[in-house]
Amino acid sequence: MFEKEPERADLVRLVGQAQKGDSESCHTLYGLYAKPVHNFIFRLIGTVEDAEDLTQETFFKAFSEVAKLREPGQFKFWLYRIARNEVYQRIRRLRRKTEVSLDDEEIGYRNFLPDQSRDVNPEESLLNRELERHIRLALDAMPLKLRDVFVLAVIQKFSYEEVTQIVGRSLLSVKTDIYRARLIAKDIIRKYLDRETDEMPRRRGRNS
Amino acid sequence: MKCQDAEEEILNLADHSRLSPELTAHLAQCAPCSALLAESEEVDLLFGTAPVLEPNPFLWTRIESRLAREKPPGARRWGFALPASTWLAAAALVLLSVLIVSFQSEIPLNPDLALAEYAGLQSTDGGNPFLIAQARGASGINPFLEAMMPRNVNPFRFQREP
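Note that the structure is predicted; figures quoted are calculated from it, not measured.

J.: In this structure, what is going on with the interface of chain A and chain B? I would like to understand it.
T.: How big an interface is tends to be stated in terms of the accessible area lost upon association of its parts. In this assembly, 47 residues from chain A lie in contact with 36 residues from chain B. Both sides of the chain A and chain B interface together cover about 3,900 Å² of buried area, and 67% of this is carbon and sulfur. Three residues, Gln56(A), Phe60(A) and Arg182(A), lead the burial of chain A against chain B; their summed loss comes to 18% of the area buried on that side. Linking chain A to chain B there are five salt bridges. In this structure, Glu57(A) and Arg66(B) form a salt bridge, with 2.7 Å as the shortest nitrogen-oxygen distance. Taken together, the connections running from chain A to chain B amount to seven residue pairs in polar contact (both at pLDDT 80 or more). The set of elements that each furnish at least two residues to the side of chain A that touches chain B consists of α2 (23-45), α3 (48-65), α5 (129-141), α6 (144-155) and α8 (171-207) of chain A.

J.: Help me understand the confidence of the model for chain B in this model?
T.: A low pLDDT means the predicted coordinates there should not be read in detail. All names here are of chain B. Here chain B shows a mean pLDDT of 70. Residues at 70 or above account for 50%. Mean pLDDT across the elements of chain B ranges from a minimum in helix α6 (residues 111-119), with 52, to a maximum in helix α4 (residues 59-69), with 92. Predicted confidence for residues 158-162 stays below pLDDT 50, and this span has 26 contacts to residues more than four positions away or in other chains. For this predicted complex, the interface confidence reaches an ipTM of 0.75, while the overall pTM sits at 0.65.

J.: Help me understand the packing of aromatic side chains in this model?
T.: When we look at a pair of aromatic rings, we describe it by the centre distance and by the angle of the planes. Taken as a whole and assessed by the stated rule, the structure comprises 10 aromatic pairs over all chains. Here Tyr30(A) and Trp60(B) contribute two aromatic rings whose centre-to-centre distance is 5.2 Å and whose plane-to-plane angle is 35°, an arrangement assigned as tilted. In this pair, Tyr30(A) sits in helix α2 while Trp60(B) sits in helix α4, so the two residues belong to two different chains. With a relative accessible area of 8%, Trp60(B) lands in the buried category. Between Phe77(A) and Phe158(A), the ring centres sit 6.4 Å apart and the planes meet at 55°, which makes this aromatic pair tilted.

J.: How should a nonpolar patch on the surface be read in this particular structure?
T.: Side chains of Leu93(B), Leu95(B), Leu96(B), Leu99(B) and Ile100(B) sit close together on the surface and give an oily, nonpolar patch of about 500 Å² of accessible area. Looking at the element boundaries, Ile100(B) is found in helix α5 (residues 84-104).

J.: I tried to follow the packing of α6(A) against helix α3 (residues 31-48) of chain B on my own but got confused; where do I start?
T.: Two quantities define a packed helix pair, namely the angle between the helix axes and the distance between the axes. It is the contact of α6(A) with α3(B), at a shortest axis distance of 9 Å, that shows an interaxial angle of 90°. As summarised for this structure, α6(A) and α3(B) are arranged roughly perpendicular, according to the angle between their axes. Across the interface between the two elements, Phe150(A), Val154(A) and Ile155(A) of α6(A) pack against Asp44(B), Phe47(B) and Gly48(B) of α3(B). Among the residues forming the contact of α6(A) with α3(B), the class breakdown is four nonpolar, one polar and one charged.

J.: Is there a simple way to think about helix α2 (residues 21-28) of chain B in this case?
T.: Residue and element names in this part refer to chain B. By the burial criterion, the buried members of α2 are Leu23, His26 and Leu27. The buried residues of α2 all sit within an arc of 100° when viewed along its axis, so they share a single face. Within α2, the exposed residues directed more than 90 degrees away from the buried face are Pro21 and Ala28. Where the residues of α2 are buried, they touch α1 (3-12) and α3.

J.: What exactly am I supposed to notice about the side chain of Glu57(A) here?
T.: Topologically, Glu57(A) is positioned in helix α3. Setting aside anything within four residues of it in sequence, one finds Glu57(A) in contact with Glu86(A) and Arg66(B).

About the criteria used
- Each chain carries its own residue numbering, running from 1 in the direction its sequence is written.
- To label them, take the chains in the order written and letter them from A, then take the ligands in the order written and number them from 1.
- A pLDDT threshold of at least 70 governs which residues receive local features in this predicted model, and a stricter bar of 80 or more applies before side-chain atom pairs are shown or counted, although totals over entire chains, interfaces and linings include all residues.
- The basis for every side-chain value is the complete set of non-hydrogen atoms in the structure, without hydrogens or water.
- Residue contacts are defined here by distance: any two heavy atoms, one from each residue, within 4.5 Å place the two residues in contact.
- As used here, buried area is the combined drop in accessible area, with a 1.4 Å probe, of two parts when they are placed together.
- We define a salt bridge as a side-chain nitrogen of Lys or Arg found within 4 Å of a carboxyl oxygen belonging to Asp or Glu.
- By the criterion applied in these results, polar contacts are pairs of N or O atoms within 3.5 Å in which, for protein atoms, one can donate a hydrogen and the other can accept it, and in which residues neighboring in sequence qualify only through two side-chain atoms.
- Per the convention used, a helix needs a DSSP run of H or I reaching at least four residues, while a strand needs a run of E reaching at least two, with both numbered from the N terminus.
- A score between 0 and 100, pLDDT records how confident the predictor is in each residue.
- Each Phe, Tyr or Trp ring (for Trp, its six-membered ring) is paired with any other whose centre lies within 6.5 Å, and the angle between the two planes then decides the class: stacked below 30 degrees, edge-to-face above 60, tilted in between.
- Each residue's exposure class comes from its accessible area (1.4 Å probe, protein chains only) as a fraction of the maximum for that residue type: buried when under 20%, exposed when over 50%, partly exposed otherwise.
- Think of a patch as exposed residues, more than 30% relative accessible area, with no salt bridge, where like charges cluster within 9 Å and nonpolar side chains (Val, Leu, Ile, Met, Phe, Trp, Tyr) cluster within 5 Å.
- Each accessible area value is a Shrake-Rupley result obtained with a 1.4 Å probe; residue values ignore everything except the protein chains displayed when judging cover.
- Here an angle of 0 to 180 degrees is reported between the N-to-C directions of two axes, which are lines fitted to C-alpha atoms, with helices fitted over the stretch in contact.
- Working definition: roughly parallel below 35 degrees, roughly antiparallel above 145 degrees, roughly perpendicular at 65 to 115 degrees, and oblique for all remaining angles.
- Lys, Arg, Asp and Glu make up the charged group, whereas Ala, Val, Leu, Ile, Met, Phe, Trp, Tyr, Cys and Pro make up the nonpolar group; the residues left over, Gly among them, are polar.
- The reported arc concerns the directions from the helix axis to the C-beta atoms and nothing else.

Next up, the structure:
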């Protein structure tokens, strides 16, 4: 997911220059983290349009307030915290509009996203449709609190300790939520795997 | 190790290649837990290879433009710190404006009083500044060229001597 992650010394230097208002350094930092942050937001919010909007907000806020960052070496985790907060705020605003209970445990976020027919987007034509659909179903079935740690740990490959730095919860809380998210994901992906297994004899029959 | 503990450890694993000795021993004799581990590895593999989207290539342009345009509350304007010379020039302009206003304030604002003072005439109803000049005995005088004519006085507004 991360391309050419810089050495810590280089990152500190880049962030230091960005804090002084150097636009080239900001552009370099954007180039390093735009894709993973964009995908993180996309996996949480579910639509490309919202993901682009929130990615823009995230980087705008980050570069506007980078001077306040005391530890330049923590830029990546700080950036992800901003991204996560943007997603949470957007979802809260959507929920207020629909006037539905905020119980994360019972209601998946997809119910609050308007006009879901837009999700049949051109990007899906380039992807494995069935896999993407099941991944999305699995993430939709998770409450947001489980979804973000699951995406960070399983999709974005952060260590559990790094996840705690982003979400601001204890290691035990993070591990528990990832465990619960995995249970949900496993049930849904099992249907995909079973279907793939069932398809194989039929395909062999057609090809022979 | 019990299956319940094995399941918990399997689902808590961040790295499926790092199994505890107890779990390894349990898996050697428990087919369901071995299947669960395999399934968990496959789930993580599938999610780990989830399609990756490329951000819109124009996103940086939008961010950069917005940073140049807006200044969020409490934030320093990005890349637009004004040099000291600009601030000095602005201060000089303000000072000059103050001086001009104070200079203007020395000119009487009441046009009637100003003109009366200039022409030595009393205010009357109506009047033509050229006639007044003639009355003074000056011919061909253009009151607008008179050096003493205050700039803020409209000569057509002054009152004619009865």
